[in-house]
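So the chains spell out like this:
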Amino acid sequence: MSVEKTQKHISETEAAEVTPNTVDDNLTFADLGLDDRLLRGLAKMNFTKPTPVQAKSIPLALAGKDILAKARTGSGKTAAFMLPLIHKILAVKDSLPANSPEATATRGLVLVPTVELAGQVTAFTNNILLFCGRAVNVLNIAGKQNDKVQQPLLATQPDIIVATPSRILAQLKLNAVDLKTHFQTLVIDEADLVCNYDYQEDVKELLTFLPKIFQSFLMSATLGDDVDSLKQLVLRSPAILKMEDKTMDSSWDNLKQLYTICSETDKYLILYVLLKLKLLKGKCIIFVNSIERCYRLKLFLEQFSIPSVVLNSELPLNSRVHIVEEFNKGVYDYMIATDEGGLKGEKEEEEASVQELEAGDEEEKAEDEEDEDKEDEQDEDEEEDEEIDEIPEGEIEMEFDGSEGEDIEDGDDEMEAMMKGSDSEDDEDEASAMADIDGSAAVDSKKRKSSELETKAESATASTKSKKKSGPKKDQEYGVSRGIDFVNVAAVVNFDFPPTAKSYTHRVGRTARGGQMGTSLSFVVTAEEKEKSVKSSKILGSSGWVHMFGDDEQVFNRVVKQQEAAGCTINNYTIPMQQLAGFRYRMDDAMRAVTRGSIREARLKELKAEMLNSEKLKAHFEDKPKDLEFLRHDKTLHPTRVQPHMKHVPDYMMPKVQAVSTQKIGDTTPEGLGHITYKKKTQNSVRKARQGKGANKSGGKKNDPLKKFSFGGGGSKNNKGGKRQKTA
Ligand code: AMP
């Protein structure tokens, strides 16, 4: 179908607009007329009644309408498009005679912006399909798997394909998949993000491979101009659903937003105290603005025996997916994450709209200067990352042997894992990433047959300069602040203030979900403070502690305006810094222990460990949970010496600092605003603790769900439904 022709079919005026606020309390999935096998799957997942977006979209979709839905992650949007999509496939297959060749065909395509989301959608679909037997299968081809592995899988014509636009387009161009003959449904999930990732052109081209008539779903967090082009391209007389639902979605009413103005180095001090003294309770995502800072902060916290897990685009996909799963189950309390992928295009977009708004010659001039500064800062940022990426040749010995499943020909396991929705990371990719950071080509040549890889490995060793450029591979389709369904996150800390107001919204939207309370705490460093911090960091011998990039104040002011327009306030969280004086020596000690060299070493160590984990995770996706018993992602990296005395905080050091609770602003109960009080341990309890007998009943030893983990089963006996055992 030509794009022009498609556009002719669109008539927004014909569109039915639905703004559902409520759903009949008695409505069930059975009332929606869904296939019995799907109803059983939903019951198994404990989905008792449809969410508003599901209640409204499923009947319209089953009636054949195109759907444009404004629905965020958390609203139940995946089931809203996946249930009718599968229902239609089951209906067609049921109507065909047994062994009909027509039964085998790809009938549904789900486009997603990130590999993380592809994994999540596929895993969710496999759960729904539990009672469909072999009638319907789903294949995830997002990520950068080897074509040799992907193409035989595509040749089996999976019923549903989940992919990023670029990945499916590449396969369509290679004639690896036929989406013309029996195709029924196209879904574009997180459409606004698809636009942010500049996928519109891919989608446009992709449409030329689809038949003339098919049903489309466009799910988007916003319905603004950014998704207009996609709307025009793929929808015909759509039913427009503008969900105002706050029951499943991230609710701003339940979010307490806080900020604190501090210096660059004080960020470390405050975070250390808040976490160590549990003034910030519950599961917490800490956002930083670069991968290097991920490891810097992890190593810093390690000094005080505060374990954390890192999440960034450099880690292999299997590990990333697993880390999020484990975090959701409560295995880790603190996740240090970057959201670099999700920021693509946002900065430029936001700056452009700000420029439009802020008229006036003088202001324009000032902004131009600022833009130049920002570009310089960005360059510096990249330079810093490159610097960190510069790994001396042969620093790590590669230990790939045949048993690690690196062989390209040995694709069967990978195929199986992919069909199960694991979206197994491309071995070649991982190996080349290692070759890149390793700088040596000490990789089994048998496994490195592709000339592309050889070229990469050679260039990695060719010169320090080229090696410096290559560095560990970042996944361009990584995205963590959008689309990923984090559960039970009590707090989000913007350790580094986000570079755009939009990314602030996405980051803080990871908490206060599903009707729960949540808190966001943002560190804002003024330009003046940044300057001062540079001076003080010199004392520490490393400028790496100071995050000089971006203008926190400027973005913060934008965020405040945006939040005010939405009826929300960001309150000041005041920390009496003099109360923390006793901790400053420890902070300085810890900072001195974490050097650029130790960060580089930790980063390598982590990457190497995660690549091996990624191999083991294949077993995870093959349902061999035993293999995972000892697989943790938050192991201490300690390339620096951890000083045992830093683990404990003596009573005399206890500060009077306001706890960051999740209670609403204005709530003046002691928990909401009171000073933290410390119950002095009785001699008895101290003695017991020394003897190792006094482990506190609830918090002493946590059940580790990893030990009893089962894929897709929603947690162990002790951790039913993947729910967190310890609540915020
Ligand atoms: P989504 O918006 O598709 O990312 O879904 C967000 C979360 O809601 C996921 O954890 C789903 O498992 C869950 N969910 C979706 N539909 C329902 C439902 N009808 N009842 C309860 N939970 C649901």
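The model shown is predicted, which means the values in this text are computed figures rather than measured ones.

What about the overall build of the protein?
Counting its regular elements, the protein contains 26 helices and 15 strands. For the protein, restricting intrachain contacts to residue pairs at least 6 apart in sequence, the fraction spanning at least 24 positions comes to 81%. As presented, the protein carries roughly 30,800 Å² of accessible surface, and 50% of it is formed by carbon and sulfur atoms.

Digging into the pattern of salt bridges
Working definition: two side chains of opposite charge can pair if their charged atoms are close together. Within the structure shown, the criterion is met by 19 salt bridges. A salt bridge links E190 to K77, with the nearest nitrogen and oxygen atoms 3.5 Å apart. In this pair, E190 is assigned in the loop between β6 (185-188) and α8 (191-196) and K77 in helix α4 (residues 77-95), connecting sequence segments 113 residues apart. The class for K77 is buried, based on a relative accessible area of 3%. In this structure, D228 engages K231 in a salt bridge whose closest nitrogen and oxygen atoms are separated by 3.0 Å. One end of the pair, D228, and the other, K231, are both in helix α10 (residues 228-234), 3 residues apart, so they sit about a helical turn from each other.

Focus on helix α6 (residues 147-155)
The set of residues buried in α6 consists of V149, Q150, L153 and L154. Buried residues of α6, viewed axially, fall in a sector of 125°; they line one side. The exposed residues of α6 that point more than 90 degrees off its buried face are K148 and A155. Two residues or fewer after α6 comes Q157, characterised by a positive phi angle close to 50°.

Remarks on the packing of helix α2 (residues 36-44) against α4
In a packed pair of helices, the relevant descriptors are the angle between the two axes and the axis-to-axis distance. Between α2 and α4, the shortest axis-to-axis distance is 9 Å and the interhelical angle comes to 145°. Touching R37, L38 and L42 of α2 are L83, I86, H87, L90 and D94, all from α4. Here the contact of α2 with α4 is built from residues that sort into 5 nonpolar, 1 polar and 2 charged.

A short note on the site of the ligand
In the region of the ligand, 15 residues are neighbours, and Q54, G74, G76, T78 and D485 sit closest. In this structure, an oxygen atom belonging to the ligand sits 3.2 Å away from a main-chain N or O atom of K77. A distance of 2.5 Å is found between an oxygen atom of the ligand and a side-chain nitrogen or oxygen belonging to T78. Taken by itself the ligand offers 500 Å² of open surface, and the protein chains cover 81% of this. Per-class residue counts for the shell around the ligand are 4 nonpolar, 7 polar and 4 charged.

Quick look at the UniProt feature "domain: DEAD-box RNA helicase Q" (unreviewed entry) in the protein
Per the UniProt record, "domain: DEAD-box RNA helicase Q" (unreviewed entry) is found at residues 27-55. Secondary structure content for residues 27-55 is 45% helix and 0% strand, while the C-alpha to C-alpha distance between its ends is 8 Å.

A look at the nonpolar core
If you look at the biggest cluster of nonpolar residues, it comprises 64 residues, and the most contacted ones within it are I286, L297, F300, F486 and F495. By residue number, the principal contributor to this core is helix α11 (residues 264-276), which donates 8 residues. Excluding its chain neighbours within four sequence positions, the residues that come into contact with I286 are L271, L275, L297, Y334, M335, I336, A337, V493 and F495. In terms of nonpolar packing, the next biggest core, distinct from the first, is built from 47 residues, L34, L42, I58 and V138 among them.

With respect to the packing of aromatic side chains
Tallied over the entire structure, the rule returns 12 aromatic pairs. For the ring pair F495 and F523, a centre distance of 5.7 Å and an interplane angle of 85° mean the geometry is edge-to-face. Note that F495 is positioned in the loop between β13 (491-494) and α20 (501-508) and F523 in strand β14 (residues 518-524), a separation of 28 residues in sequence. Accessibility classification places F495 together with F523 in one group, the buried group. An aromatic cluster of at least three residues, connected via ring pairs, comprises Y268, Y272, F300, F304, F495, F523 and F583. K267 extends its terminal NZ or CZ atom over the ring of F495, reaching a point 5.2 Å from the ring centre. The cationic tip of K283 hangs over the ring face of F327; the distance from NZ or CZ to the ring centre is 5.0 Å.

Some words on the sheet that holds strand β10 (residues 284-287)
If you trace the 7 strands from one edge of the open sheet to the other, you get β11-β12-β10-β13-β14-β9-β15, paired in parallel fashion. Edge positions in the sheet fall to β11 (309-311) and β15 (570-572), since each of these pairs with one other strand and no more. With strand direction ignored, the average angle separating the axes of adjacent strands in the sheet is 25°. As judged from the 4 bridges shared by β10 and strand β12 (residues 334-337), these two strands associate in the parallel manner. Across the sheet, residue F287 finds its bridge partner in β12, namely A337. Most of the contacts of α11 go to β14, to which it runs at about 155°, and overall it touches β10, β12, β13 and β14.

So, the packing of α4 against helix α5 (residues 115-128)
Viewed as axis vectors pointing N to C, α4 and α5 meet at an angle of 50°, and their least axial separation amounts to 11 Å. As the angle between them shows, α4 and α5 are arranged oblique. Where α4 crosses over α5, the two elements pack in a sense that is right-handed. Residues T78, A79, M82, L83 and I86 of α4 pack against V121, F124, T125 and I128 of α5. The residue inventory of the contact of α4 with α5, partitioned by class, reads 7 nonpolar, 2 polar and no charged.

A look at unusual backbone geometry
If you check the backbone angles, N99 has positive phi at about 60° while not being a glycine. As for its placement among the helices and strands, N99 is situated in the loop between α4 and β3 (108-111). On the basis of relative accessible area, N99 is assigned to the exposed category, the value being 80%. Positive phi, normally seen in glycine, also occurs at N175, with a value near 60°.

Side note on helix α13 (residues 317-329)
Under the 1.5 Å per step criterion, the end-to-end length of α13 is 19 Å for 13 residues, consistent within 8% with the ideal 18 Å. By the criterion of burial, α13 is predominantly enclosed, with 13 of the 13 residues buried. G330 occupies a position one or two residues after α13 and carries a positive phi of about 95°.

With respect to the pairing of strand β2 (residues 67-70)
Bridge analysis of β2 against strand β7 (residues 215-220) gives 4 bridges, and the strand direction is parallel. Looking at β7, one finds that I67 is bridged to F217. As defined by bridge partners, β2 adjoins strand β8 (residues 239-242) across 4 bridges and the pair is classed as parallel. Note on β8: the bridge partner recorded for L68 is I240.

Some thoughts on the pairing of β7
Among the 6 residues that make up β7, 6 are buried, leaving the element largely enclosed by the rest of the structure. Of the two faces of β7, the one carrying Q215, F217 and M219 and the one carrying S216, L218 and S220 are both buried. With 4 bridges joining them, β6 and β7 adopt parallel strand pairing. By the bridge assignment for β7, T185 is matched with Q215.

Conventions we followed
- Residues numbered from 1 in each chain as written.
- Predicted model: local features only at pLDDT ≥ 70, side-chain atom pairs only at ≥ 80, totals over all residues.
- Heavy atoms only, no water.
- Helix = DSSP H or I, 4+ residues; strand = E, 2+ residues; numbered from the N terminus.
- Contact = heavy atoms within 4.5 Å.
- Areas by Shrake-Rupley, 256 points an atom, 1.4 Å probe, with all protein chains shown as cover.
- Salt bridge = Lys/Arg side-chain N within 4 Å of Asp/Glu carboxyl O.
- Buried < 20%, exposed > 50% of the residue type's maximum accessible area, 1.4 Å probe, protein only.
- Arc of directions from axis to C-beta.
- Axes fitted to C-alpha atoms, helices over the stretch in contact; angles between N-to-C directions.
- Nonpolar A, V, L, I, M, F, W, Y, C, P; charged D, E, K, R; others polar.
- Near = heavy atom within 4 Å.
- Polar contact = N/O pair within 3.5 Å; in protein donor to acceptor, adjacent residues only side chain to side chain.
- UniProt positions renumbered as here; feature names shortened; annotations may be inferred.
- Core = buried A, V, L, I, M, F, W, Y, C linked by side-chain atoms within 4.5 Å.
- Phe/Tyr/Trp six-rings, centres within 6.5 Å; stacked < 30°, edge-to-face > 60°.
- Lys NZ or Arg CZ within 6 Å of the ring centre and 35° of its normal.
- Pairing = 2+ DSSP bridges.
- Parallel < 35°, antiparallel > 145°, perpendicular 65-115°, else oblique.
- Left-handed = near helix turned anticlockwise from the far one by under 90°.
- Expected span 1.5 Å × (residues − 1).

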